[in-house]
Amino acid sequence: QVQVVESGGGLVQPGGSLRLSCAGSKIIFSAYDMGWYRQAPGEQRELVATITSGGTTNYADSVKGRFTISRDNAKKAVYLQMNTLKFEDTAVYYCNADGRATGRYSLWGQGTRVTVSS
């Protein structure tokens, strides 16, 4: 099955940290630009961070300086290190594999829930 699957979500206190992982299966991982998106309750899905196949990163202003996206093509994985978490970071986080640059369809994971609460 061609897919990406997220993991690492959970409950964390404000100011804490989490690392999310996204693993690709049966895909040429290096052919995809990768990204993390999130959707908070009652809100639209928004971009969190992206990393191209060449390693160029981009972040939403709301997470810049706190979150770090990285990838390991050998492991077919992309990560999102989240530090200094805030209540407003609470959302379902989705992994996206964007294959348009190499003539492939994009893939979405099922999401992993992050809850920041005291």
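Here the structure is a predicted model, which is why all the values come from computation and not from measurement.

Novice: Could you give an account of the state of the cysteines, with specific residues and numbers?
Specialist: A complete count under the given rule lists one disulfide for this structure. A sulfur-sulfur distance of 2.0 Å marks the disulfide that ties Cys 22 to Cys 95. An S-S torsion of about -80 degrees defines the bridge between Cys 22 and Cys 95 as left-handed. Here the residue Cys 22 occupies a position in strand 3 (residues 18-25), and Cys 95 occupies one in strand 9 (residues 91-98), the gap between them amounting to 73 residues. For the residue pair Cys 22 and Cys 95, the accessibility class agrees, reading buried in each case.

Novice: An account of unusual backbone geometry is requested, with residue identities and associated values reported.
Specialist: A positive phi angle is found at Lys 26, which is not glycine, with a value near 55 degrees. Among the residues examined, Lys 26 registers a relative accessible area of 64% and is labelled exposed. You will see that Lys 76, though not glycine, has its phi angle at about 55 degrees, which is positive. By secondary structure assignment, the location of Lys 76 is in the loop between strand 7 (67-72) and strand 8 (77-82). Overall, Lys 76 belongs to the partly exposed group, its relative accessible area being 30%.

Criteria and thresholds
- Residues numbered from 1 in each chain as written.
- Predicted model: local features only at pLDDT ≥ 70, side-chain atom pairs only at ≥ 80, totals over all residues.
- Heavy atoms only, no water.
- Disulfide = S-S within 2.5 Å.
- Helix = DSSP H or I, 4+ residues; strand = E, 2+ residues; numbered from the N terminus.
- Buried < 20%, exposed > 50% of the residue type's maximum accessible area, 1.4 Å probe, protein only.

None of this, on its own, says anything about what the molecule does.
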